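Below are the chains, spelled out letter by letter.
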Amino acid sequence: ALIGDYPHPDITSQLFFQAKFRQIQCAIIRAGCNSPFEESLVELLRKSFPATGFFPTNMVFEDVAAAKGLSSHKLLLSFSSDQWRQIILNHVIPQSLHIDALANNSKLGTLLSSEAQLIFQSVTVTTNNPSGKTISTAGGQTGLGGASNIPILVPTGSTYSSSVYPAGGILFPN
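Because the structure is predicted, anything quoted here is derived from the model rather than measured. Sequence order sets the numbering: in each chain, residues are counted from 1 along the sequence as written. Local features in this predicted model are restricted to residues of pLDDT 70 or higher, and side-chain atom pairs are both shown and tallied only at a pLDDT of 80 or more, whereas totals for entire chains, interfaces and linings draw on every residue. Where side-chain values are given, they derive from all heavy atoms of the structure, hydrogens and water being excluded.

Asks: So what exactly am I meant to see when it comes to the overall build of the protein here?
Replies: If you tally the helices and strands in the protein, you get 6 helices and 7 strands. Its helices and strands taken in sequence order, the protein reads α-α-α-β-α-α-α-β-β-β-β-β-β from the N to the C terminus. In the protein, which comprises 174 residues, the share counted as buried stands at 48%. Whether two residues touch is decided by their heavy atoms; if any such pair falls within 4.5 Å, the residues are in contact. The long-range fraction of contacts in the protein, counting pairs at least 24 apart against all pairs at least 6 apart in sequence, stands at 61%. A run of DSSP states H or I qualifies as a helix once it reaches four residues; a run of E qualifies as a strand once it reaches two. Both are numbered from the N-terminal end. Working definition: with a 1.4 Å probe on protein chains only, accessible area under 20% of the residue-type maximum means buried, over 50% means exposed, and in between means partly exposed.

Given below as structure tokens:
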């Protein structure tokens, strides 16, 4: 199926056409554009094709907010637009990749910076981690604390270019 002019949907098309990603859509909109000289985050994600994204669903986003004693709305407001831009870019690797291709201890760079990486670990498949893969963050030097052992919430199986996989947490850069 075609979305826009792309033979495969880009990350923003996939995120904005799935209700389960509404909270991260709000974060992308909040990230916006910080200056007239900066490319909008939506355009940057749209141009980053092929790419693979690992994003929290609404339920996961709400769980992260609740763990911090916040509503989802207050969690969105607790980070600046620049911080949300860094967080969102840290969820995307600039290549199309199926989760089965992620070898244990794979380290892949993100759109955030050449130093920011997602590290993938193979773990036991469980109800809470149907893929048997987790993600941790490294590099980025943003002061946002990082993330570790975040499960990929989809069983191994179907793939498509510019994939968006649900993740069991927000991939805060380090």
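Back to the text.
Asks: Sorry, what's going on with the environment of Leu108 here?
Replies: Position of Leu108 among the secondary structure elements: in strand β3 (residues 106-109). The spacing of Leu108 and Pro94 is 14 residues in sequence and 8.9 Å in space, taken between C-alpha atoms. Excluding residues that lie within four positions of it along the chain, Leu108 makes contacts with Ile93, Gln95, Leu97, Leu102, Ala116, Gln117, Leu118 and Phe120.

Asks: I'm lost on helix α2 (residues 22-31) in this one. Help?
Replies: Think of an α-helix as turning once every 3.6 residues; residues three or four places apart then point the same way. Regarding α2, the residues found buried are Gln23, Ile24, Gln25, Ala27, Ile28 and Ala31. Contact partners of the buried residues in α2: α1 (11-16), α3 (41-47), β1 (52-56), α4 (58-67), α5 (72-77) and α6 (81-89). Gly32 occupies a position one or two residues after α2 and carries a positive phi of about 40°.

Asks: It is not clear to me how the nonpolar core should be interpreted in this structure. Could you clarify?
Replies: Soluble, globular proteins show a tendency: their nonpolar side chains are buried together. Here the nonpolar core consists of buried residues drawn from Ala, Val, Leu, Ile, Met, Phe, Trp, Tyr and Cys, with membership extended through side-chain atoms lying within 4.5 Å. Residues Leu15, Ile24, Phe55, Trp84 and Ile88 are the most contacted members of the largest nonpolar core, which totals 30 residues. Elements with a contribution of two residues or more to this core: α1, α2, α3, α4, α5 and α6. When neighbours within four sequence positions are excluded, Ile88 is seen to be in contact with Ile24, Ala27, Ile28, Leu41, Leu45 and Phe55. With 15 residues, the next largest nonpolar core counts Phe120, Ala147, Ile152 and Ala167 among its residues.

Asks: Looking at this model, I keep getting lost on the sheet that holds strand β5 (residues 133-138). Mind explaining?
Replies: Note on sheets: strands pair through backbone hydrogen bonds, and any given pair is parallel or antiparallel. Pairing between two strands requires that DSSP report at least two bridges joining them. The 4 strands lie next to each other as β3-β4-β5-β6, forming an open sheet whose pairing is antiparallel. If you trace the sheet from one side to the other, it starts and ends with β3 and β6 (150-151), each paired once. Looking at chain direction, β5 and β6 are connected through 2 bridges and run antiparallel. Its bridge partner lying in β6, Ile135 is registered against Ile150.

Asks: Looking at this structure, I do not really get the packing of α2 against α4. What am I missing?
Replies: Think of two packed helices as two axes; the pair is described by the angle between the axes and how far apart they sit. To define axes, lines are fitted to C-alpha atoms, for helices over the stretch in contact only, and angles between the resulting N-to-C directions are given on a 0 to 180 degree scale. Here α2 crosses α4 at 70°, and the two axes come no closer than 7 Å. Between α2 and α4, the angle falls in the class roughly perpendicular. For the pair α2 and α4, the contacting residues are Arg22, Gln23 and Ile24 in the first and Asn58, Phe61 and Glu62 in the second. Residue polarity is assigned by list, with Asp, Glu, Lys and Arg as charged and Ala, Val, Leu, Ile, Met, Phe, Trp, Tyr, Cys and Pro as nonpolar; anything else, Gly included, falls into the polar class. Its residues assigned to classes, the contact of α2 with α4 comprises 2 nonpolar, 2 polar and 2 charged. Each angle is binned into one of four classes, with values under 35 degrees roughly parallel, values over 145 roughly antiparallel, values of 65 to 115 roughly perpendicular, and all other values oblique.

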